[in-house]
Amino acid sequence: MTREQYILATQQNNLPRAENAQLYPVGIYGWRKRCLYFFVLLLLVTMIVNLAMTIWILKVMNFTVDSPLVLQSDRNVTVNARNHMGQLTGQLTVGADAVEAQCKRFEVRASEDGRVLFSADEDEITIGAEKLKVTGTEGAVFGHSVETPHIRAEPSQDLRLESPTRSLIMEAPRGVQVSAAAGDFKAACRKELHLQSTEGEIFLNADQIRLGNLPTGSFSSSSPSPSNSRQTVYELCVCPNGKLYLSPAGLGSTCQSSSNICLWS
């Protein structure tokens, strides 16, 4: 027997015999395996039901990628905003008769640059648009004063300031200027037109000043009348109360002889 055969025979004799060793199976068997399969099947059914419910909700609510979000209600739609303490800080209600917003400040901003187009709070209302246009037939009604540095009409349109039932008053401590650069300036009234200056003077500057429809005085019976029956030249006379009238011109002043107009005023 060689040395190698001896060593091999000795190692085989020294190995423990595993004839009486116990074998333990590895894995899940029996009722545990059936329970695992049951839970896996239940989880799969739950996922399928959740997916079906999600698709149904998206279909009913019309949630799509290409169309906007639509909220519908038989009465109204209310959106509330609350703080971390649960207190109501803002509310938007869309009803059949009105749209109501309850908040500290309401703003409408432009989509391009984000500038404020309209804002409202308890103190003031600000309109930041370049132009405010009122198209109603009755215009805009303000209960109190309106402050603006400039009022102008649209191009090729007339600007009209009118008070249908009361007076129209324009006041300024440093003066009121009305000018028509390329047209006429007209002032008309039904009764009396007053031009009054408390400390200064009334200055009329023009090439021609015309006073139409002035009454013409007549000569008294004791005063001689001009011999020319076709009178073309008249004298402008003033009554003591400031009333103007015309008197046929003569060689001298004829205001005294035709001053019967002053007696009627």
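- As recorded by an unreviewed UniProt entry, the protein carries the name Zeta-sarcoglycan isoform X2 and is attributed to Ursus maritimus.

**So, the nonpolar core**
Stage number 1. Ranked by size, the top nonpolar core spans six residues in total: C237, C239, Y245, C255, I261 and C262.
Stage number 2. Leaving out residues up to four positions away in the same chain, C262 has contacts with C239, P240 and Y245.

**Brief notes about the packing of aromatic side chains**
Stage number 1. With the rule as written, the count across this model stands at two aromatic pairs.
Stage number 2. Between F106 and F118, the ring centres sit 6.4 Å apart and the planes meet at 65 degrees, which makes this aromatic pair edge-to-face. Here the residue F106 occupies a position in strand 4 (residues 106-109), and F118 occupies one in strand 5 (residues 116-120), the gap between them amounting to twelve residues.
Stage number 3. Owing to a relative accessible area of 29%, F118 belongs among the partly exposed residues under this scheme.

**Comments concerning the sheet that holds strand 3 (residues 99-102)**
Stage number 1. Here three strands make up an open sheet; going across it, the order is 1-2-3 and the pairing antiparallel. Two strands in the sheet have a free side with no partner beyond their single neighbour: strand 1 (77-82) and strand 3. For this sheet, the mean inter-axis angle between neighbouring strands, taken without regard to orientation, is 10 degrees.
Stage number 2. Both strand 1 and strand 2 (residues 88-94) contribute to a ladder of six bridges, which runs antiparallel. Along strand 2, the bridge assignment pairs N80 with Q91.

**Some thoughts on the pattern of salt bridges**
Stage number 1. Under the definition given, this model contains five salt bridges.
Stage number 2. R105 is paired through a salt bridge with E107; the nearest N and O atoms lie 2.7 Å apart.
Stage number 3. For R105, a relative accessible area of 42% corresponds to the partly exposed category.
Stage number 4. A relative accessible area of 33% means that E107 is categorised as partly exposed.

**Here we look at the sheet that holds strand 6 (residues 125-127)**
Stage number 1. Pairing is antiparallel across the open sheet formed by three strands, whose spatial order is 4-5-6. Only two strands of the sheet have a single partner each, and these edge strands are strand 4 and strand 6. Direction aside, the axes of adjacent strands within the sheet are offset by 10 degrees on average.
Stage number 2. Relative to strand 5, strand 4 runs antiparallel, the two being bridged by four bridges. The residue bridging E107 from the neighbouring strand is S119, located in strand 5.

**Focus on unusual backbone geometry**
Stage number 1. Of note in the backbone geometry, S156 takes a positive phi value of approximately 65 degrees without being a glycine.
Stage number 2. Overall, S156 belongs to the exposed group, its relative accessible area being 79%.
Stage number 3. Despite not being glycine, N213 has its phi angle at roughly 60 degrees, a positive value.
Stage number 4. Examined against the element boundaries, N213 turns out to sit in the loop between strand 6 and strand 7 (234-238).

**Focus: the side chain of T93**
Stage number 1. Within the secondary structure, T93 sits in strand 2.
Stage number 2. The residues contacting T93, other than those within four sequence positions of it, are N76, V77, T78, A98, V99 and E100.

**Observations concerning the pairing of strand 5**
Stage number 1. With antiparallel pairing between neighbouring strands as the criterion, strand 4 and strand 5 make up a hairpin whose turn holds six residues, including G114 at a positive phi of roughly 75 degrees.
Stage number 2. Here three bridges tie strand 5 to strand 6, and the two strands are oriented antiparallel to one another. Looking at the pairing, S119 lines up with T126 of strand 6.

Quick notes on the rules
- Residues numbered from 1 in each chain as written.
- Predicted model: local features only at pLDDT ≥ 70, side-chain atom pairs only at ≥ 80, totals over all residues.
- Heavy atoms only, no water.
- Core = buried A, V, L, I, M, F, W, Y, C linked by side-chain atoms within 4.5 Å.
- Buried < 20%, exposed > 50% of the residue type's maximum accessible area, 1.4 Å probe, protein only.
- Contact = heavy atoms within 4.5 Å.
- Phe/Tyr/Trp six-rings, centres within 6.5 Å; stacked < 30°, edge-to-face > 60°.
- Helix = DSSP H or I, 4+ residues; strand = E, 2+ residues; numbered from the N terminus.
- Pairing = 2+ DSSP bridges.
- Axes fitted to C-alpha atoms, helices over the stretch in contact; angles between N-to-C directions.
- Salt bridge = Lys/Arg side-chain N within 4 Å of Asp/Glu carboxyl O.

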